Every structure is written in structure tokens, then in C-alpha cells.
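Understanding the architecture of this molecule
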Amino acid sequence: MHKSTSSSSLGPGGLDIAQSFFKPIEKSSPPTPLNGHVKITIVGAGNVGMAIAQTILTQDLVDELVLLDANPEKLRGEVLDLQHAAAFLPRTTILAATDYAATAGSGLCIVTAGARQSPGESRLNLMQRNVALFRGIVPPLAKWSPEAVLMVVSNPVDVLTYVAWKLSGFPSNRIIGSGTNLDSSRFRFLIADHLDVNAQDVQAYIVGEHGDSSVALWSSISVGGVPVLSFLERQQIPYELETLEQIRKEVVQSAYEVISLKGYTSWAIGYSVAGLARTILRDQRRIHPVSVLAKGFYGIENGDVFLSLPAQLGRSGVLGVTNVHLTEEESRRLQESAETIMEVQSQLGI
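Here the structure is a predicted model, which is why all the values come from computation and not from measurement.

The next subject is the UniProt feature "active site" (unreviewed entry) in the protein. UniProt records the feature "active site" (unreviewed entry) at His210, using the numbering of this structure. Position of His210 relative to the elements: it lies in the loop between β9 (206-207) and β10 (215-216). Overall, His210 belongs to the partly exposed group, its relative accessible area being 25%.

A word on the layout of surface pockets. Size it by volume and the second largest pocket reaches roughly 660 Å³. Along its surface, the second largest pocket is lined by 26 residues, and Asn181, Ser185, Arg188, Arg286 and His288 are the ones closest to its centre. Among the elements of the structure, α7 (181-195), β8 (202-203), α10 (267-281) and β13 (287-293) are those that each provide at least two residues to the lining of the second largest pocket. No other element matches the seven residues that α10 contributes to the lining of the second largest pocket.

What follows is about the packing of aromatic side chains. Evaluated as defined, the whole model comprises three aromatic pairs. With 5.1 Å between their ring centres and 85° between their planes, Phe187 and Trp218 make a pair best called edge-to-face. One end of the pair, Phe187, is in helix α7; the other, Trp218, is in the loop between β10 and β11 (222-223), and 31 residues separate them in sequence.

Its place among the elements puts Gln128 in helix α4 (residues 123-135). The exposure class assigned to Gln128 is partly exposed, which follows from its relative accessible area of 38%. Along the chain, Gln128 and Ala115 lie 13 residues apart, while their C-alpha atoms are 9.7 Å from each other. Those residues in contact with Gln128 that sit more than four places away from it in its chain are Gln347 and Leu348.

Attention now moves to the packing of helix α2 (residues 47-58) against α10. At a closest axis distance of 8 Å, the pairing of α2 and α10 adopts a crossing angle of 50°. Compared by their axis directions, α2 and α10 come out oblique. Every pair of crossing elements has a handedness; the one defined by α2 and α10 is right-handed. Counted together, Val48, Ala51, Ile52, Gln54, Thr55 and Ile56 of α2 and Trp267, Ile269, Gly270, Tyr271, Val273, Ala274 and Ala277 of α10 form the full contact between these two elements. Here the contact of α2 with α10 is built from residues that sort into 10 nonpolar, three polar and no charged.

Relative to the 26 Å expected for 18 residues at 1.5 Å per residue, helix α11 (residues 328-345) spans 26 Å between its end C-alpha atoms, a close match to the ideal helical length. Residues Glu330, Leu334, Ser337, Ala338, Ile341, Met342, Val344 and Gln345 constitute the buried set of α11. Burial along α11 is one-sided: seen end-on, the buried residues are contained in an arc of 155°. Within α11, the exposed residues directed more than 90 degrees away from the buried face are Glu328 and Glu343.

In terms of residue burial, strand β3 (residues 64-68) counts as a mostly covered element, since five of its five residues are buried. Neither face of β3 is exposed, since Glu64, Val66 and Leu68 on one face and Leu65 and Leu67 on the opposite face are all buried. Note that strand β2 (residues 39-43) and β3 share five bridges and pair parallel. When the bridges of β3 are listed, Thr41 appears paired with Val66. Pairing of β3 with strand β4 (residues 93-97), which is carried by five bridges, proceeds in the parallel orientation. Its bridge partner being in β4, Leu67 is matched across the sheet by Ala96. One crossover worth recording links β3 to the parallel β4 by way of helix α3 (residues 72-83), and it is right-handed.

Cut-offs used in this document
Residues numbered from 1 in each chain as written. Predicted model: local features only at pLDDT ≥ 70, side-chain atom pairs only at ≥ 80, totals over all residues. Heavy atoms only, no water. UniProt positions renumbered as here; feature names shortened; annotations may be inferred. Helix = DSSP H or I, 4+ residues; strand = E, 2+ residues; numbered from the N terminus. Buried < 20%, exposed > 50% of the residue type's maximum accessible area, 1.4 Å probe, protein only. 1 Å grid on protein atoms, 1.4 Å probe; cavity = no way out; pocket = protein on both sides within 12 Å on 5 of 7 lines; lining within 4 Å. Points joined across faces, edges and corners; volume = space filled by probe spheres on them. Phe/Tyr/Trp six-rings, centres within 6.5 Å; stacked < 30°, edge-to-face > 60°. Contact = heavy atoms within 4.5 Å. Axes fitted to C-alpha atoms, helices over the stretch in contact; angles between N-to-C directions. Parallel < 35°, antiparallel > 145°, perpendicular 65-115°, else oblique. Left-handed = near helix turned anticlockwise from the far one by under 90°. Nonpolar A, V, L, I, M, F, W, Y, C, P; charged D, E, K, R; others polar. Expected span 1.5 Å × (residues − 1). Arc of directions from axis to C-beta. Pairing = 2+ DSSP bridges. Right-handed = clockwise from strand over helix to strand, strands pointing away.

Right, here's the structure in full:
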């Protein structure tokens, strides 16, 4: 993405203020040069993986899409179904594979595979089974596509993104979890619904864990460029903190509601991940709340942990993390969210 000569001259004396807006990722690797052939691999041909595949295909993002799954018959059926729609889609080569050699040269690898919880199974045991599963997925992806950006969608996404980082040996800027990108979309929808505006005009982030300890950044929410809470205070319009917290809880519970009604979630996460893929592959440098290595950001210093922060994404993955101002309460909750994730990680022995 070419940077215009005026894009960095907003500061005094032509100072480049981008460095003030974004804190860069340490020990990051540069973007790989584009060779004109864009290839994405999706591991896992379940409901989520196929929703991501379908959405990516309709957005004309890739020249080649590889779907990899351990169930060859289901995989072949899914790919045939997509191939039969070729007349209605941008031209893309779609491959079914069970051998990781087929993934060679991917610019983006998306992992959706994960073990399902058995009746009566503990969360820790499920986590350990997923770690074992990732031991068979991540190293071969890294071997065949050593310059790729690796995106984890499988849940619990923050912990498994950490696992993928450890297993891949990739620099942290090329490891991303889908995190709270979808949670933030749900958050924007709920706020827009309350205010009767278009969700695209709402700027709002959920950060931290993709789960119960997530943090809503109410202090930085704006609608049409108007900061919401400060506007309400200036206009002396009363609001209750309990109401705000209830909206955050609705975001957390919304996925469970979808699952209870249709059995799984798929389309929203499909659009969410396809949006992330577009930002990365087109080097759009958009800001998304995704799971990144958070150590060194917002006072998180006690250990390596992946959680969602507003991050600028581009061809090399995570370019930097936005310096959003947090209130003391938001900062405290973010620290607690990090501790929640690290407690789970400590039990995995990685």
C-alpha cells in the first residue's frame, strides 16, 4: 500500500505521528513479496470452515483456495459443491486435500479445526485434546508455508492462538486469533439497534478474552464521530452502568443463543474472518480487535498471553496496536482478562 507524501505530515514540523497512534510489534518480520498468486488454506471443513470458504470465494480474494480436513469423503463433497457454483463465482482454483503438501506457498492459513467437548468432559481435558490436535496441524502448516500469516479461529481462540505461536516458531506479528472481531461486530449491532442508526456508523470495541472476561471499551465508543458517553454527560442525559454492562453480557451470550437455536454459529464468523483476510491480503491497514501477543501493551507485563486488542493489520500480519485511551476501570478489567487466560495456559505445560 503506497503512502502519500502528506500522510505523515500532521504533526508539528512534519513529524510522523503514526508512531504515536500505534505501538509496533517487537521482533516482527517484514511482509513477504506478492508473486501475483494469492493462496489461502483453510484447515477444517466443518460449518465454520465452510462458511469462511464460501464468504472468501464471493469476495474475489484469492486465486487458489485449499480446504484441508481429516474426513476425505465429507471434504470431497464440500469441495464439489463449491466447484459446481463456479459459474456464479470469481474464478478460483478450489482444492480438497488431506496432505499438508497441498498447502505449500499459502499466504494465509486459517485454522478452524477443533475437538468437540464430550459429555462430562472437563474443560482442561478438552483443552489438552485441542493442543494435541494442533501439534498435528500447526508444524506442517509452518513447514510448507513458512512465510504465511497464521490465523486461528478454533476455540478457545486466545489460548489456542498462543499454542499455535509456540508450535509454529513464527514471529508474533504473523500469528493472529480471530478474537473479539466478531464480538465487536455484535457490540456495534446492539448499540446501533439501541440508537436506531446504521452499525457501520458505530465505532466500538470489545477487547480482552473472547469469552466471559471480555471488556467493552465504553469510554471510546463513538457514533458518527460523536463520543457517546461524553455526549450524554454534556447533555446531562442520565444512563446506568448496569445497562451498559447488560449490553456487554448480551454480546457474550449472543453466540450461545445462536447455537441454542440452530445448533452452531457459522455465517457471522465467516464474514468476520473473510474481512480479516481481505485486510491482510490487500494490505489495507485497517484496525481490527483480534487476538495478538499482548505482552508490553496496556500494562500487560506478567507473561506471554494472546488476547484481543485493536490492532492494525496488513500484509505482514499485525503491524501495531492502537494506543486507545482506557479508563482505570477498563484497564483493570483488561488486566483481569489477561490473568484469566494465563491461568488456563499454565495448566497446559507448553
